[in-house]
Each structure stands twice: as C-alpha cells, then as structure tokens.
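Take a look at the letters that make up each chain.
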Amino acid sequence: MNQILTTKSLDAMSPATAKRYEVRDQKVIGLHVRVSTTGAKVFYTMVRPNGARRRIKIGPYPVVSLADARRRAMEIARDVELGEFDKTPEVSEASTETLGEMIPKFIELHAKPNTKDWKRTESVLRKFDGLKDRPIDQIKRQDVSKVLDGIIASGTPTRANRALSAIKKLMNWCVMRGDIETSPVALLRPPAREVQRDRVLSDAEIRAIWQHSDAEDYPFGPFLKLLLITGQRRSEVAGMRWSELNLDEGVWELPANRVKNARLHIVPLPDQVVEILRSLHRFLDSDFVFTTTGRSAISGFGRLKDRVDTALPDGTPDWRFHDFRRTASTGMAKLGVMPHVIDAVTNHKSGVVSGVGATYNRYTYFNEKREALELWANELTKITTELSETSAGKRSE
C-alpha cells in the first residue's frame with residue numbers, strides 16, 4: 001500500500017487483523033510504516049547498499065514523528081550513497097516483534113503444548129500490557145521491575161513473583177528461538193518472600209462451609225463437598241468427567257493429562273461421595289460432572305469464595321480452596337493414616353511409586369487409600385452432623 005503519509009493518516013491506521021501490514025510513503029523513497037495486530041506503528045526504511053536489499057528500523061510512532069522519520073530515512077539514504085552505510089546500525093527482522101505479538105506466539109507454540117496451566121500463564125502475562133507495544137529486544141530489566149513494583153503496591157506481592165516467573169519463561173523462550181540474544185530479566189529475583197501456607201480449616205469452619213454448600217445447590221454445592229472429602233486439587237474436581245467415574249465400584253480414574261504430575265491417578269470414592277454423585281443430574285450429551293453450560297467445567301471460583309465468606313464468622317482468617325486439600329491431609333494424619341498413604345491419596349510425588357512400578361501398578365496403595373478416604377469421610381460426617389444436632393437442640397428449646 002502506497003500513500004503520502006500524514007500525521008492524520010498515521011493516527012487513523014487500524015490494527016492489523018491477522019498479520020502486520022505496511023504502508024509506504026510516496027514522499028520519501030524507502031520509508032514505510034509497519035502496523036501490528038496491537039496497533040503499534042513503527043517506521044522503517046528500505047535501502048540497497050552494494051545492491052543488497054536491507055531494511056533499517058527508525059523507531060516507533062509517535063515517539064518518532066513523521067518529520068523525524070523522513071529526515072532519518074533521507075540521512076540513511078545519503079549514508080548509503082556515500083559508502084558510510086556500515087556506520088548505520090542495522091536491526092534484524094527478529095527485533096521487530098513487540099511483546100504484544102510475542103505473548104500469543106509463546107502461548108500457542110510453547111505454553112499450550114507443554115503446560116497444563118497455560119491459561120494462568122496467559123492471564124499473568126497481561127500484567128505487562130503496559131509494555132505490549134515495546135519491541136521485544138528493547139524491553140529492559142528496569143521496565144519489568146517497574147511492573148513488578150506496581151503489582152506489589154497493589155497489595156499482591158506473591159502475584160509479582162508469578163508475573164516474574166511468567167515473563168522469565170517467555171524471555172528464555174525468545175532467547176532459545178534467537179529472537180533476542182539475552183534475557184533482560186535473567187538476573188531478577190522474586191521480589192516477594194513467600195511463606196509456605198499451613199492454613200487448616202477448623203471444625204467450625206468446615207461445618208459452616210458444609211452448611212453453605214447445601215444452600216449453593218448444584219453445581220457449586222456438591223463441588224464444595226467433593227473438594228472437602230476427596231482432598232484432590234480444585235481443577236481436578238471442577239473438571240471431573242462422568243467417563244472417569246465407576247460409581248458401582250466407587251472409583252475415579254484421573255487420566256494423566258488432567259493431573260499435575262502427568263500420571264494416571266486412581267481415587268477410591270467413599271460411599272458419601274458416590275451418594276452425592278448419584279444424586280446429580282446430567283447435562284444432555286455432556287461429560288462434565290460440574291457444569292453450568294454442558295460445554296465446559298465450572299469456573300468463577302473467586303465469586304464462589306466471596307459467597308462462602310459470607311457464611312463464615314467475621315474475623316475468620318484468610319483461606320483458599322487449596323486449604324481444603326491441606327485440611328483433608330491433616331485430618332487423615334490425625335486419624336492415624338501413614339504419611340506415604342496420605343501422599344498417595346493426594347497424588348504428591350513423594351507418595352507415587354516411580355519407574356516401571358508406576359507404569360504397571362495402576363492401583364498402588366489402592367486399599368490403603370480407600371481406607372484413608374473412608375476414615376476422613378466418616379470424620380467429616382461426624383463434624384457436619386454436629387451442626388444439625390446443635391441446630392435441632394436449639395429449635396427444641
């Protein structure tokens with residue numbers, strides 16, 4: 001596309017829909033502007049030193065004005081004519097990619113094929129939207145540090161650590177591909193010191209959450225109960241499929257592609273869980289146990305937590321859904337379950353047999369896991385039954 005560039009026409013250029021496009025200036029030979037999918041506009045000029053076609057980057061608009069871009073393009077053309085082109089720094093094609101263009105590439109080509117929580121990585125990288133129009137090779141360590149400082153200032157220091165981890169992975173991937181020579185964040189360390197959580201729900205909190213789950217009804221009510229009883233990860237319970245369940249035998253087979261350590265995980269289901277699952281209705285032609293659409297698993301856990309918070313007494317210490325898992329582990333330990341069996345129940349690496357044994361013995365510690373989960377389920381029944389008995393006593397008075 002050729003036209004006489006003006007400030008008005010530059011401002012009016014819309015973002016590229018699929019692939020960046022170029023508009024050549026008819027006033028200065030060789031000068032053109034590239035427009036990316038993020039709407040970023042960058043000036044370049046094309047010259048032919050020694051007959052070889054070369055593209056030279058001038059800079060981003062509007063940081064570089066149209067007048068400055070034309071002046072610089074003419075200076076480069078003059079250098080070529082005078083044989084002084086070698087003094088003009090050349091910018092490789094790789095450096096024309098902006099952070100906003102590299103993030104979706106990183107997600108599609110690396111994160112999706114190699115990580116199960118790629119959506120979380122994609123979400124965390126949005127913290128760097130303020131740098132999305134910056135060419136990837138022009139992002140400095142200080143730029144990233146400022147973003148991390150802003151996250152910490154918002155009161156979420158651990159999220160700053162997650163953001164740094166995500167941007168480090170992206171930059172290392174760019175280095176591996178040759179898009180940049182070195183990672184600008186290689187020397188940055190996590191800005192916040194993290195303390196390992198040890199939050200365990202009290203019996204009173206368990207009773208309050210159980211009572212709230214009855215009020216929630218399907219799908220979030222039974223989801224909360226299964227999260228408490230099974231001790232499995234939130235994403236695993238939320239994404240439960242009917243095809244993974246054998247309710248007649250009380251077995252839940254979690255396939256390798258749905259678990260953190262990428263190994264088949266067998267979860268024996270106590271009678272309480274089987275009873276809950278048998279009571280649920282099924283969406284027509286849907287394999288998801290917990291769903292509101294039939295097409296995907298439930299989400300909106302932040303809103304669910306807010307609703308649960310209203311059922312807990314004022315002053316209740318902060319909690320997370322992962323604390324349900326720790327509560328189950330601690331509860332089983334109090335009931336005399338051996339540590340290696342608890343690890344097997346919760347599918348921690350230390351509790352999983354490795355090597356050939358892991359491949360052929362799909363039901364490692366199966367009986368022990370069933371006994372442990374039955375003990376914990378019965379204990380939960382006792383804890384939550386105290387609620388109904390107390391309530392009944394108060395009504396009789």
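The following refers to the structure shown. Predicted model, so just to flag it, every value in this text is computed and none were measured.

### Remarks on the pairing of strand β5 (residues 54-61)
And then number 1: Burial analysis of β5 places six of its eight residues in the buried class, which makes it a mostly covered element.
And then number 2: With antiparallel pairing between neighbouring strands as the criterion, strand β4 (residues 41-47) and β5 make up a hairpin whose turn holds six residues, including N50 at a positive phi of roughly 55°.

### Points about the nonpolar core
In summary, soluble globular proteins display a tendency toward joint burial of nonpolar side chains.
And then number 1: Residues F223, L245, L269, L277, F290 and F324 are the most contacted members of the largest nonpolar core, which totals 51 residues.
And then number 2: Looking at which element gives the most residues to this core, the answer is helix α8 (residues 220-230), with seven residues.
And then number 3: Contacts of F324, omitting those with residues within four sequence positions, involve L201, I209, L224, L227, L228 and W319.
And then number 4: In terms of nonpolar packing, the next biggest core, distinct from the first, is built from 29 residues, L99, V147, A160 and L188 among them.

### A closer look at the sheet that holds strand β7 (residues 251-254)
Through backbone hydrogen bonds, the strands of a sheet pair up, either in parallel or in antiparallel fashion.
And then number 1: Pairing in this open sheet of three strands is antiparallel, and the strands run β6-β7-β8 from one edge to the other. One side of each edge strand has no neighbouring strand; the edge strands of this open sheet are β6 (245-246) and β8 (265-268).
And then number 2: In this sheet, β7 lies alongside β6 in antiparallel orientation, the contact comprising two bridges. Paired with N246 across the two strands is V251, which belongs to β7.

### Some words on the packing of helix α4 (residues 118-125) against helix α6 (residues 157-177)
And then number 1: Their axes nearest at 9 Å, the elements α4 and α6 cross at an angle of 100°. The angle between α4 and α6 falls in the class roughly perpendicular. Together, T121, V124 and L125 of α4 and R162, A163, A166, I167 and L170 of α6 make up the contact between the two elements.
And then number 2: The residue makeup of the contact of α4 with α6, split by class, is six nonpolar, one polar and one charged.

### Here we look at the pattern of salt bridges
And then number 1: In the structure shown here, the tally under the stated rule is 20 salt bridges.
And then number 2: E108 is the salt-bridge partner of K112, the closest N and O atoms lying 2.6 Å from each other. Residue K112 and its partner E108 are located together in helix α3 (residues 99-114), separated by four residues, close to a single helical turn.
And then number 3: Residue class for K112 comes out partly exposed when judged on its relative accessible area of 33%.
And then number 4: For E108, a relative accessible area of 45% corresponds to the partly exposed category.
And then number 5: Linking D143 and R134 is a salt bridge whose minimum nitrogen-to-oxygen distance equals 2.9 Å.
And then number 6: Sharing partners across several salt bridges, the network here consists of E22, R24, R34 and R55.

### Some words on α3
Count 3.6 residues to each turn of an α-helix, and residues three or four apart come out pointing the same way.
And then number 1: I107 marks the point of greatest bend in α3, at about 40°.
And then number 2: Among all positions in α3, only L99, G100, E101, M102, I103, F106, I107 and A111 are buried.
And then number 3: Those residues of α3 that are buried lie in contact with α4 and α6.

### Here we look at the pairing of β4
And then number 1: The buried fraction of β4 amounts to seven of the seven residues, a majority that puts the element mostly inside the structure.
And then number 2: Residues K41, F43, T45 and V47 line one face of β4 and the alternating positions V42, Y44 and M46 line the opposite face, and both faces are buried.
And then number 3: In terms of strand pairing, strand β3 (residues 31-35) meets β4 through five bridges, oriented antiparallel. In the strand pairing of β4, V35 is matched with K41.
And then number 4: Hairpin connection from β3 to β4: five residues lie between these consecutive antiparallel strands, with G39 at a positive phi of about 95°.
And then number 5: Pairing of β4 with β5, which is carried by seven bridges, proceeds in the antiparallel orientation. Bridge pairing in β5 links V42 to P60.

Calculation rules
- Residues numbered from 1 in each chain as written.
- Predicted model: local features only at pLDDT ≥ 70, side-chain atom pairs only at ≥ 80, totals over all residues.
- Heavy atoms only, no water.
- Buried < 20%, exposed > 50% of the residue type's maximum accessible area, 1.4 Å probe, protein only.
- Helix = DSSP H or I, 4+ residues; strand = E, 2+ residues; numbered from the N terminus.
- Pairing = 2+ DSSP bridges.
- Core = buried A, V, L, I, M, F, W, Y, C linked by side-chain atoms within 4.5 Å.
- Contact = heavy atoms within 4.5 Å.
- Axes fitted to C-alpha atoms, helices over the stretch in contact; angles between N-to-C directions.
- Parallel < 35°, antiparallel > 145°, perpendicular 65-115°, else oblique.
- Nonpolar A, V, L, I, M, F, W, Y, C, P; charged D, E, K, R; others polar.
- Salt bridge = Lys/Arg side-chain N within 4 Å of Asp/Glu carboxyl O.
- Bend = angle between axes of the 7 residues up to and from the residue.

None of this, on its own, says anything about what the molecule does.
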